[in-house]
Amino acid sequence: MGDLLINLLASIIAGTSVWLAGFLVRRRRLNRERAFFGLTAGASCLLVVSRHASSPREFSVHRRDVAALVELATIARECGAHADRVGENQPTGEIGRLTEFCVGGPGEASPRSATHVRTILRGVRYAVFDEEARRMSFTVGGVEYALTPETSHVLLARFWGPAGGHPVFFLGGLTAGSNLAAARYLAANHPELGRRYGADRPFALVLRIVEPAAYGTDFTELVADVSDEAFTTVTQTAESSGSAAAG
């Protein structure tokens, strides 16, 4: 009887230790995720999304942008926070007050994205040559990333406003499908990004979506880390290049 009680007690202690170890691992993982996204339990965050460019309705959103919002709202829920969807024409408040996920590249349908590119992502230039023919691109660090029948690109960035506070996550794709690819990449790879950039370093990454017509977002790869170039003005970049050439 004594041996039975000892074995039972040992089993309880072992089971408790395993549960406690697993709980601590999950807690550390959750704390790292919250720190990376600037979220806390019960907090709010903003989902800012572009209006559907080809729709006359003010609050119309592309179905793939809706899917991207679902991915981002899931991240918020995992952190114990809740997400509030905000249209591009609705007031969002000052930058840094809440964590913000801004979905969509700059354009007439996305003034919030245009503001972020103009004031913070100063080394990035978006261009639309022919929207009907789907000739679109963005340039950063002197390299052009274009939309072609075989590939699309998206800029995934995290940054803060001048006063700090909570981060902004910018998902500026050339198509709604590339916005979705960036949201899924962020959801799947934020642990690795957290190890690389921590909770307080801005970053800007170019992702390539290969054969989106055939694979959707399943074949998305990292092309370049353009963190140094994206947050530098074009003038500063040109001056640096000129100085290097003169040396």
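Figured I'd write up the structure that's included with this text. (Residues numbered from 1 in each chain as written. Predicted model: local features only at pLDDT ≥ 70, side-chain atom pairs only at ≥ 80, totals over all residues. Heavy atoms only, no water.)

## What about the packing of aromatic side chains?
Describing an aromatic ring pair means giving the distance of the ring centres and the angle of the ring planes.
Piece 1. For the coordinates displayed, the defined rule picks out 11 aromatic pairs.
Piece 2. Ring centres of Phe 101 and Phe 169 lie 5.3 Å apart, and the angle between their planes is 20°; this geometry places the pair in the stacked category. Highlighted residues: Phe 101 in strand β3 (residues 99-103) and Phe 169 in strand β8 (residues 164-173), separated in sequence by 68 residues.
Piece 3. Using a relative accessible area of 0% as the deciding quantity, one classes Phe 101 as buried. (Phe/Tyr/Trp six-rings, centres within 6.5 Å; stacked < 30°, edge-to-face > 60°. Helix = DSSP H or I, 4+ residues; strand = E, 2+ residues; numbered from the N terminus. Buried < 20%, exposed > 50% of the residue type's maximum accessible area, 1.4 Å probe, protein only.)

## Focus: the pattern of salt bridges
Piece 1. Evaluation of the coordinates by the stated rule reveals four salt bridges.
Piece 2. Notably, a salt bridge pairs Arg 184 with Glu 71, separated by 3.4 Å at the nearest N-O pair. Highlighted residues: Arg 184 in helix α4 (residues 176-197) and Glu 71 in helix α2 (residues 63-78), separated in sequence by 113 residues.
Piece 3. By relative accessible area, which is 36% here, Arg 184 ends up partly exposed.
Piece 4. Put simply, Glu 221 and Arg 208 hold a salt bridge, and the shortest N to O gap is 2.7 Å. (Salt bridge = Lys/Arg side-chain N within 4 Å of Asp/Glu carboxyl O.)

## Points about the pairing of strand β7 (residues 151-161)
Piece 1. Counting buried positions along β7 gives 10 out of 11 residues, so the element sits mostly inside the fold.
Piece 2. With eight bridges connecting them, β7 and strand β9 (residues 203-210) associate as antiparallel partners. Its bridge partner lying in β9, Ser 152 is registered against Ile 209.
Piece 3. Between β7 and β8, which pair antiparallel and follow one another directly, the connecting turn spans two residues. (Pairing = 2+ DSSP bridges.)

## Structural notes on the state of the cysteines
Piece 1. The tally for this structure, following the rule as stated, stands at zero disulfides.
Piece 2. Residue Cys 45 stays outside any disulfide, its sulfur separated by 8.6 Å from that of Cys 79, the closest cysteine.
Piece 3. Exposure remark for Cys 45: the relative accessible area of 0% places this residue in the buried category.
Piece 4. With a relative accessible area of 0%, Cys 79 lands in the buried category. (Disulfide = S-S within 2.5 Å.)

## Some words on a positive patch on the surface
Piece 1. Side chains of Arg 28, Arg 29, Arg 32 and Arg 195 sit close together on the surface and give a patch of like positive charge.
Piece 2. Note on placement: Arg 32 falls in helix α1 (residues 2-37).
Piece 3. You can call Arg 32 exposed: its relative accessible area is 56%. (Patch = residues over 30% accessible without salt bridge, like charges linked within 9 Å, V, L, I, M, F, W, Y side chains within 5 Å. Areas by Shrake-Rupley, 256 points an atom, 1.4 Å probe, with all protein chains shown as cover. Lys, Arg positive; Asp, Glu negative; His and termini not counted. Charge placed at Lys NZ, Arg CZ, Asp CG, Glu CD.)

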